[in-house]
Amino acid sequence: QVRLVESGGDWVQPGGSLTLSCTASGFSLQYYAVGWFRQAPGKARREVAVISDNYQAPYYDDSVKGRFTISRDNAQNRVWLQMDNLQPEDTAIYYCATAARLTTYIPHFGQWGQGIQVTVST
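Please read these numbers as outputs of a predicted model, since none were measured by experiment. (Residues numbered from 1 in each chain as written. Predicted model: local features only at pLDDT ≥ 70, side-chain atom pairs only at ≥ 80, totals over all residues. Heavy atoms only, no water.)

J.: Even after reading the chapter, I still don't get the packing of aromatic side chains, so can you show me in this structure?
T.: Any pair of aromatic rings gets described here by the distance separating the centres and the angle formed by the planes. One pass over the structure, following the stated rule, counts five aromatic pairs. Between the aromatic rings of Phe-37 and Phe-109, the centroid separation amounts to 4.7 Å while the plane-to-plane angle is 80 degrees, which identifies the pairing as edge-to-face. Here Phe-37, found in strand β4 (residues 33-39), pairs with Phe-109, found in strand β10 (residues 109-112); they are 72 residues apart in sequence, far enough to count as distant. The same class applies to Phe-37 and to Phe-109, which are both buried. Ring geometry for Tyr-95 versus Trp-112: centroids 6.3 Å apart, planes at 75 degrees, classification edge-to-face. Taken as a pair, Tyr-95 in strand β9 (residues 92-99) and Trp-112 in strand β10 lie far apart in primary sequence, 17 residues in all. With relative accessibility at 22%, the residue Trp-112 sits in the partly exposed group. (Phe/Tyr/Trp six-rings, centres within 6.5 Å; stacked < 30°, edge-to-face > 60°. Helix = DSSP H or I, 4+ residues; strand = E, 2+ residues; numbered from the N terminus. Buried < 20%, exposed > 50% of the residue type's maximum accessible area, 1.4 Å probe, protein only.)

J.: Explain the pattern of salt bridges to me, please; I cannot follow it from the model alone.
T.: Oppositely charged side chains are able to pair whenever their charged atoms sit close together. Applying the stated criterion across every chain yields a total of four salt bridges. With a shortest N-O distance of 2.8 Å, Asp-90 and Arg-38 are connected by a salt bridge. Of the two residues, Asp-90 sits in the loop between β8 (78-83) and β9 while Arg-38 sits in strand β4, which places them 52 residues apart along the sequence. According to the relative accessible area criterion, Asp-90 is buried, its value standing at 0%. Across the salt bridge formed by Lys-65 and Asp-62, the nearest N and O atoms sit 3.1 Å from each other. For the pair Lys-65 and Asp-62, one class covers both residues: exposed. (Salt bridge = Lys/Arg side-chain N within 4 Å of Asp/Glu carboxyl O.)

Written out as C-alpha cells, the structure reads:
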C-alpha cells in the first residue's frame, strides 16, 4: 500500500502556530521532492511550499514566506510544515504530495495525501 498521510491540523487563533506532518508508507520519500498545497472550499488548489530531494533551496509562496518552514527527515520518511503567525487567510485543507524534482506545477505531483483541515479564526 502506497500512502501519504497528513497530521497535525487543528483550529488556532490568528497569530498561533501549527506543525503539519506528512508521513509516507509503502515507499521511500528520499528520492522525491515533496510539496505542501492548500485548498479553500470552492477554490483552486495552490502550492504553499516545496522541498527538494537535493541541494536546491525550498520554494515558498509569497503569502507564507517568513512564516512557514518546510523540512524533511528521510530516515523517518517524513516532511513537516511549520506554520507560524497564522492568519485567517491560511484557513484551508492542506495536502502533501510528491514529485520527481522540485517544481510548483501541480500536475507534476503524483502521490497525494488525503488532506487535513487547518482553521484560523477567533
